[in-house]
Structures are given as C-alpha cells and as structure tokens.
Amino acid sequence: MKKKYSNFLNTGLTLVLILLVIVPTFYLLGVFGSGEGMTFQQYNYFFGRVNESGKFDAGDFDRQLDSKVSLGVIQGPLSVLVDLGELDGLKGDSEYFIEFSNSDIRQATMYFVDTDGNYRFAGRSGTLLPEENDLRSPNLYFRLHTGFEQSDYLVFEIHSVMPVEFSINVYENRVFLENNSKRTVIISVYAGIMVALFLYNLILFFSILDKVYLFYCFYILFIGLAQLSLSGYSFFILGHNAYLYEVSMVGFTALSSIFVIPFFQLFLKTSLYVPKIGKYLYVIVVFYFVAFFLRLLGLVEVSYSIVDVSGLLLVVAFFSIGGYVASKGDRSAYFFLLAWTFLLVGLALLILNNQGVIDLGAYANLPMLSGTAIEALLLSFALADKINILKKEKEKEQHDKLEALKENERLIKEQNVYLEDMVKSRTKELEQTLKNLKDTQTQLVNQEKMASLGQLTAGIAHEINNPINFVSSNISPLKRDIKDILELMDLYREKGELEFSESSKSEVKDLEEDLELDYLLDEVNQLLAGMEDGAKRTVEIVRGLKLFSRIDEQDVKEVDIHDGLESTLILLNSSMAGRIAIKKEYSELPQVECLAGKINQVFMNIISNAIHAMLDHPMEGKSPQLTLKTSHVSDQVVIEIGDNGPGMPEHVREKIFEPFFTTKPVGKGTGLGLSIVYTIIENHKGSIVVESSPDRGTNFIITLPIKQN
C-alpha cells in the first residue's frame, strides 16, 4: 500500500511539473517564434573567393540549395548569392539587419552587386573580427543601409573551419535589436539559474560531504558552459578567442561527461542495481575525449560525428538503466527520467527547428537552454529530496543502533563481575609496569642532567680554583706587611704625642729604612693588583656560567650567538687545558630569536663530543683543532662546529641522532646528548646536518631562522 501511494505521489508531482513548466515554456516558444523577420529560401553558391575587381556573373554561382545552407566542413572559402527580390516586404526607406543563424563563422564579407554588375564592399563580420560586433550578438550580422534597393543581389564570401550550416534572415532595425535584447535576457536568466544551482549544490556538498553533490555541481557547470558555446555566448567569456570558442563546443561537452557518469552512478545506485553494467559507462567518457582529441587535431567532422554517437549512447544507457531502477521502486529514478525527458524534448524541438518543421526564428537555441535548465532544476529537487531520504535512513539506522546498544548493555551487565576481577588484576600489572617505565625515564633524564651538571661543575671548580688559590697565597705576606706598617704607625703615634726632636726624627727615619717602606708599599700594590686580577677572573667565570645557562631568561628572546659560543668555550676550557687549538671564523650576525639556554646546551653537547673525540682518539701527525664558523644567509644564520678528529663511518653517522645510540663505553654515555640536540634544533624550526668520514674529522652544520614567527 505504501509503495502504491509513493508511485501515486510521484505521478502527481510529474503532472504538476508539466503544468508549471512545460505549458509556460511552449507559450514562450510561441511568442518568441513569431518574430517579424524574412528568410531567404534559395541560396546559390560556388567554392572559391569573390573576384572583387571582376564583373558579377550569376552563372558563376552554379550550385543551389533551398531553405538553408548545409555543407558540413568545407576546405577554403565559400561564396553565396541571395536575391533581394525574394523579400517582398523590404522598404527602400528603412534600415535592416542581415543575420546568419550561425555563430561560429570565422569571417564573412558582404558585397552589393550594383546595376553595372560591379561588386561593392558592404561590410565584414565573424569571430576573427570581434570589433565589428558592437552589439555583442552571438550570431553573425550585417547592417543593410538605405539605398540597397539599387541592387538586386547580395554576395557573401565565407571562411569557416566549422561545419557550415545556416540560413540568412533579414530584420528591421527595431525587431533585430528587440530580438538581441531578448536573447541577452534569456541567456542571462539561464546563466543565473545554472550558477545559482551550482552554488546551492556546492553548499550542500560542504554541508553533507556526499560526493554526488560535488559531481552534480561540476556537471551543471560544464553542461551550462557547453550550452553557452552552442548559443555563441561563450565567445565573449573566452576573451573573443575564435579557436578556444570553436574547441569549447566539444571540450565542455566532454568535460561534462566526466562528471555526469559518476553522478548518475551514485544518484541511481548502479553499483547496487546494475553492478555489472554501470562500470562500462566510462567507455562513453572515453569516446567523448577521443572526439575532443580529434577536434584538437583539426578533424572537425569526425569529432562531431563521435560526439553525436556518444550522446546517443549516453541517452540510451541512461534511460535504460533509469527505467530499470525506477521499476525497482527507487524514487530518485523517477526524478532522473523526468529531468532527462525535458532535456530530450528541448533537443527534439531544436532538431525540428533545424529541419524547418517549426520556426523559432532568432530563438532557435531556446529549447535546449530551457531543457538543460529544467533538467538541472529537477535534479536539484531530487537531490534535495535525497536529503530527506537520507534523514529517514539515518533515523532508522539510529533506531537499530539504539536497540543494539540496549542488547549490548544487557550483555555487559552480565559480564561485569568477571570483567571487574580481570580489570583489577590487569590494572595492578599496568600500574607496576607504568611505575617501572617512569623510574626508567626519570633515571635516564637524571643521568643526562647529572652528566651535564657534573661537567659544568668540574669546569667551574677548575676555573675558580686558580684565582682563589692566588688570593689565598697572598693573604700571609699581606698580613705581615700590614703589621709592619701598623708598627710604624704606632711609633708615629707614640712620638707624635711629644714634640718631635732631631733624635726622634732620626729614629723614625732609621726605622723606615730598616723596614724598606718604599718597597713595602710597592709590594702591597702588587698584591692588591693580583687580588684584583683574581677577582676579575672569578667574575668572568661566573658571568660565563650565567650567560651559558640563561637562568633568568625562560622566553624566546633576541640573543647574540657569538656570546653563547664564547661562554661555552669558557666552561669547557678545563677540558681542553691548552691541548686543543681554537680557530674562530666569525661573520657579522644579527640578533637571533631563540631560547638561549637551549641553544647553549646544543653548543655544549657538540663541542664536548668533539673534545672527547680528539683527546680520546689522537691522530698521529695532527694537532687537535676545533673550528667555529658562523655566517648569515638570507633570513637564517649558519653555525659550523668542526674538528679534525677521527671522524665517523657512514653507519655510525646515520644513527647519531637516534635516542640511546652511543659509541662511548658502557657507563660513560647515555646516547641522549645528540638526540636532545636534534630535538632542540627542530623545535627552533632549524636544521642540523653532520658531515663526517673516517680520518677526516666531523663538521656539524646548524641552520637557525633569525625570526621564529
């Protein structure tokens, strides 16, 4: 009962659409088809150019066609003669337009034949002469000014690479301009409808993410462009390029086939209803693109024949499969068949007009425009209806899922007791495993920290030890000298209480000579200078430590890379102990945005590794040398840290940045130093490259951006 109701609803919808769309369409066709124009019924012609300097001879035009010219693709120019005497309604005091029912003629030249039998040039038009088309009419046209009654004939010299098929119509000025305006309105409405449907379905695609809407969008786009090409209006869209315009007629049709096939398959679910047949539809797409390729090669007539055959195959396949799917009760198939029926009706009306059965005048392309627009509207309605179908299917699916969830809930409750015991047991195991992992992780991190901290502490202790010893060793002589000075001062005080006499003066002088007061004062100055120098060295070491660690800078700031390198060298000075030569090749660098402490850690790890490599594995005949080089390239700085140590073989060099990989003996390295270096450089959006080979040393090249953002 429900299926019968659905079929009844579809039938009623079809009747409503027929009343709302077909009847107004045929009414408009009747209105537009009653244009006030006159058409030549007899055309005499010959293949060749018009001899402008010669005399007119009607006998030259030895071939004849009735109603219209239809010659297919021609080689070379074509000259056509029409007799103005055929048109009884021409008025000598009026101006007229002569219009070809064709939009793809490259060039046509019109001549009057005067009473003396001479050819008189009367104008040119065509796709190669867009400047002559000031009215932006899609069809070829000429102005027929007053005074034409002095001539009996018009001659046209035509050049075209497309199939030559046209009739020649004559309109009064007013009628032609009205027809041109109406055609412009019609094509604008058509383009507006197609663009609106394209955008509407594109929005639906982004809302639903169903590919059927995306395929339909591009099918609408290219079928609309194909109709604009057939109507002559894509000539203006394609920049007045005659070649692109001629190729677009086949090209847009071929592109539309790429999208209409997958749309058809998804829309009618051919993989479900006709799985063995649906996949062969892409053969039609191949035919279309063969036609397009042949058109590019200049085989116009063959390409058009293949397009006609491909279109026929497409119609037969779509109606056959659509009818079969509709017989299975699929509502989408009804919409599809109805939409394509309108398209075929438009095509049939166009063919009847071309065959002279009906006369649509200047609106010959209106049936196809109407057919494709109605088809696009109906299919959009069908896709909108598909949303409702999907909504119902989703509701049913959710209901089924809810029932399944209830059943699962029942089963879960029955198994809860057993699962709880299993979960408790596994939880204990996982907690123990997690604890072990955390302990291991903490141990590794602490080991790396302690290694770095121990290295820093050793360096600082060594550097501070010398100046502190210097100060300590000078304390005793400083006390002794000060004591002597105080003794002299006490004597001055004692004698000063009395009146100085000659003897006392002599006594004081003798004491100063015994104590060597001048030397004593010089010694005090030297000792104080030594203490000052030691204090300065201590300050320098502390400053280097602070600069290296940057404990007061936790955010990204602009820093001097050279300061970081220098502070690292100060802290590692004890490790080198004058055994390694330092070569510096610094360039002028801008301030670099970075975490200074992290970058200094990079320098510390790399330079420390270089020191150990050179001292632990000395090279015979080579003095250890560490090279520091900086440069500025574009918006980056490059730091190179190299040594002339033993180098690394390729299999070692490939693994040095891997965590826990180390070449040091067990207990002397964690294998995390260079892994941390790589992570720090990566976090700074930089890169690090290592160049090394056995017996040729190692060179680390670090590249850092000047700005982090």
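On a predicted model such as this, the values are computed, not experimentally measured, just so you know.

Enquirer: Explain the packing of helix H5 (residues 242–267) against helix H8 (residues 282–296) to me, and be specific about the residues and the numbers.
Expert: At a minimum axis separation of 9 Å, H5 and H8 run at an interaxial angle of 170°. Relative to H8, the element H5 is oriented roughly antiparallel. Each residue belonging to the contact of H5 with H8 can be placed in one class, and the counts come to 15 nonpolar, four polar and two charged.

Enquirer: Lay out the nonpolar core with the relevant residues and their values.
Expert: Core analysis: the biggest nonpolar cluster contains 68 residues, and Tyr-216, Phe-263, Phe-267, Leu-314, Phe-318, Phe-336 and Trp-340 have the highest contact counts within it. Elements represented by at least two residues in this core include exactly helix H2 (173–208), helix H3 (211–231), helix H4 (234–237), H5, H8, helix H9 (300–327), helix H10 (331–354) and helix H11 (366–473). Apart from the residues within four sequence positions on either side, Phe-263 is in contact with Val-212, Phe-215, Tyr-216, Phe-336, Leu-379 and Leu-383. By size, the runner-up hydrophobic cluster in this structure holds 40 residues, among which are Cys-594, Leu-628, Ile-641 and Ile-702.

Enquirer: Before we move on, can you summarise the packing of aromatic side chains with the specific residues and values?
Expert: Throughout the structure, instances matching the rule amount to 28 aromatic pairs. The structure contains a cluster of three or more aromatic residues connected by ring pairs, namely Phe-46, Phe-56, Phe-61, Tyr-111, Tyr-119, Phe-121 and Tyr-153.

Enquirer: A description of the sheet that holds strand E1 (residues 37–39) should follow, citing residues and the corresponding values.
Expert: Within the open sheet, the four strands sit side by side as E1-E12-E6-E9. Their pairing is antiparallel. If you trace the sheet from one side to the other, it starts and ends with E1 and strand E9 (141–144), each paired once. Each neighbouring strand pair of the sheet contributes to a mean axis angle of 25°, computed without reference to strand direction. Of the pairings in the sheet, the one linking E1 to strand E12 (residues 168–172) comprises three bridges and is antiparallel in character. Bridged to Thr-39 within E12 is Asn-169. Contacts from H2 reach strand E6 (96–100), E9 and E12, with the element oriented near 110° to E12.

Enquirer: If you had to explain the environment of Tyr-245 to someone new, which residues and values would you point to?
Expert: Turning to its location among the elements, Tyr-245 is positioned in helix H5. We classify Tyr-245 as buried; its relative accessible area is 0%. The spacing of Tyr-245 and Gly-232 is 13 residues in sequence and 8.3 Å in space, taken between C-alpha atoms. In contact with Tyr-245, other than residues within four places in its own chain, are Ser-103, Asp-104, Thr-127, Ser-229, Gly-232, Ser-234, Phe-235 and Leu-238. Reaching out from Tyr-245, the side chain makes a polar contact with the side chain of Ser-103 at a distance of 2.6 Å.

Enquirer: An account of a nonpolar patch on the surface is requested, with residue identities and associated values reported.
Expert: Nonpolar side chains collect at one region of the surface, where Tyr-280, Val-283, Val-286, Phe-287, Val-290, Val-309 and Leu-313 lie side by side and expose about 600 Å² of accessible area between them. For the nonpolar patch, the secondary structure elements donating two or more residues are H8 and H9. Looking at which element gives the most residues to the nonpolar patch, the answer is H8, with four residues.

Enquirer: An account of helix H15 (residues 561–571) is requested, with residue identities and associated values reported.
Expert: Within H15, eight of the 11 residues are buried, which leaves it mostly tucked inside the rest of the structure. Taken together, the buried positions of H15 are Ile-561, His-562, Gly-564, Leu-565, Ser-567, Thr-568, Leu-569 and Leu-571. One side-chain oxygen at the N-terminal end of H15 lies 2.9 Å from the backbone nitrogen of His-562; it belongs to Asp-560.

Enquirer: Help me get a handle on the pattern of salt bridges, residues and values and all.
Expert: As enumerated under the stated definition, the model contains 12 salt bridges in all. We note a salt bridge from Glu-558 to Lys-707, for which the minimum N-O separation is 2.8 Å. Here Glu-558 is found in strand E13 (residues 557–559), whereas its partner Lys-707 is found in the segment after strand E19 (698–705), with 149 residues between them in sequence. According to the relative accessible area criterion, Glu-558 is partly exposed, its value standing at 45%. It is possible to trace a salt-bridge network through shared partners that takes in Arg-106, Glu-246 and Arg-295.

So, how was this worked out
Residue numbers restart at each chain and count upward from 1, following the sequence in its written direction. In keeping with the predicted nature of the model, local features appear solely for residues at pLDDT of at least 70, side-chain atom pairs appear and are counted solely at 80 or more, and the whole-chain, interface and lining totals rest on all residues. Side-chain figures throughout are based on the complete set of non-hydrogen atoms in the structure, without hydrogens or water. The convention used is that axes are lines fitted to C-alpha atoms, helices contributing only their stretch in contact, and that angles between N-to-C directions extend from 0 to 180 degrees. Put simply, DSSP marks the helices as runs of H or I at least four residues long and the strands as runs of E at least two long, and each gets a number from the N terminus on. When an angle is under 35 degrees it counts as roughly parallel; over 145 it counts as roughly antiparallel; between 65 and 115 it counts as roughly perpendicular; any other value is oblique. Following the grouping adopted for this structure description, the nonpolar residues are Ala, Val, Leu, Ile, Met, Phe, Trp, Tyr, Cys and Pro, the charged ones are Asp, Glu, Lys and Arg, and the polar ones are all others, Gly among them. Throughout this description, the term nonpolar core refers to a set of buried Ala, Val, Leu, Ile, Met, Phe, Trp, Tyr and Cys residues connected via side-chain atoms within 4.5 Å. Three labels apply to residues, based on accessible area from a 1.4 Å probe with only protein chains included: buried if under 20% of the type maximum, exposed if over 50%, partly exposed otherwise in between. By definition, residues are in contact when any of their heavy atoms lie within 4.5 Å. The aromatic pairing rule takes the rings of Phe, Tyr and Trp, using the six-membered ring of Trp, and pairs them if the centres are within 6.5 Å, calling planes under 30 degrees apart stacked, those over 60 edge-to-face and the rest tilted. Being paired, for any two strands, means DSSP has found at least two bridges between them. Nitrogen and oxygen atoms within 3.5 Å of one another constitute a polar contact, given that in protein one can donate a hydrogen and the other can accept it, and given that sequence-neighbouring residues count only through two side-chain atoms. Grouping into patches uses exposed residues only, defined as over 30% relative accessible area, and leaves out salt-bridged ones; the cut-off is 9 Å for like charges and 5 Å for nonpolar side chains (Val, Leu, Ile, Met, Phe, Trp, Tyr). Surface exposure here means Shrake-Rupley accessible area, sampled with a 1.4 Å probe, where a residue is shielded only by the protein chains that are shown. We define a salt bridge as a contact between a side-chain nitrogen of Lys or Arg and a carboxyl oxygen of Asp or Glu at a distance within 4 Å.

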